[in-house]
Amino acid sequence: MTRQKSVGFVFVEGFADWEYGLLSGSLAEWFDARAVSLTPTGEAVTSMSGFRLTPQRGADPAENADLDAIAVIGSDLWATPRTPDISALLCTVEERGGVVGGICGGTLALARAGLFEDADHTSNGREWLLKHEPGYAGAARYRDVPCAVADNRIVSAPGSAPGTFALAFLKALYPERAEHVAEMERLFAREFS
């Protein structure tokens, strides 16, 4: 019997409602994983659409020693001076061999943590990322593509790519279940065929 994996989702004020659902739902339904909601301080936050989310815990690394992976969900807050610093949590998960992903504004948290230094990555555009995080380590490895990019255990995506973000994240977290993820990809693709 394979151990159930735990995946943390970091939400901040104004989080993007569409960026996490395919991943969190797929993890729970098709991979029997446990999705855990986090906010930097453990306090409730409100999404772009006005939905209120009460997290299960905060972003202290000690509180999250059970996580096999972490996904940082986008929000306009990541591109402001009020952005929270969750670098310790992201680096701790990565150092343990876990998957670390960011979508849309969440990619700024990965850039600030130095996780793009040795990883191909993408975001909402090269200029957008450099505007908000000038001179970040690994800028030369930016890939200007409309879909998610996975480099080993680092996964990134523009806000317009929640489908490929979910698939790339699942491939990184479950490399032994590549055929299962490919089946999901075919299922998702049917909508656009």
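Below you will find a few notes about this structure. (Residues numbered from 1 in each chain as written. Predicted model: local features only at pLDDT ≥ 70, side-chain atom pairs only at ≥ 80, totals over all residues. Heavy atoms only, no water.)

## Re the pattern of salt bridges
For step 1, the next point in the chain: For the structure shown, the criterion picks out 9 salt bridges.
For step 2, the next point in the chain: A salt bridge links D66 to R57, with the shortest nitrogen-to-oxygen separation between them at 2.8 Å.
For step 3, the next point in the chain: Judged by relative accessible area, which is 13%, R57 ranks as buried.
For step 4, the next point in the chain: Here R186 makes a salt bridge to E179, at a shortest N to O gap of 2.9 Å.
For step 5, the next point in the chain: Each of R34, R57 and D66 takes part in one network of salt bridges that share partners. (Salt bridge = Lys/Arg side-chain N within 4 Å of Asp/Glu carboxyl O. Buried < 20%, exposed > 50% of the residue type's maximum accessible area, 1.4 Å probe, protein only.)

## Here we look at the environment of A113
For step 1, the next point in the chain: Its location among the elements puts A113 in the loop between α3 (106-112) and α4 (126-132).
For step 2, the next point in the chain: It is 9.2 Å that separates the C-alpha atoms of A113 and A137, two residues lying 24 residues apart in sequence.
For step 3, the next point in the chain: Residue contacts for A113: discarding those within four places in its chain leaves S87, L90 and C91. (Helix = DSSP H or I, 4+ residues; strand = E, 2+ residues; numbered from the N terminus. Contact = heavy atoms within 4.5 Å.)

## Observations concerning the packing of aromatic side chains
For step 1, the next point in the chain: Counted according to the given criterion, the structure contains 8 aromatic pairs.
For step 2, the next point in the chain: Ring plane angle 70° and centroid distance 6.3 Å describe the contact between F116 and Y136, whose orientation is recorded as edge-to-face. Taken together, the residues F116 in the loop between α3 and α4 and Y136 in the loop between α4 and β7 (149-151) connect sequence positions 20 residues apart. Each member of the pair, F116 together with Y136, is buried.
For step 3, the next point in the chain: An aromatic cluster of three or more residues is present, and its members are F9, F11, F15 and Y20.
For step 4, the next point in the chain: Residue placement shows K5 over the ring face of Y174; its charged tip is 4.8 Å from the ring centre.
For step 5, the next point in the chain: The ring of Y174 carries R177 above its face, with NZ or CZ at 5.7 Å from the centroid. (Phe/Tyr/Trp six-rings, centres within 6.5 Å; stacked < 30°, edge-to-face > 60°. Lys NZ or Arg CZ within 6 Å of the ring centre and 35° of its normal.)

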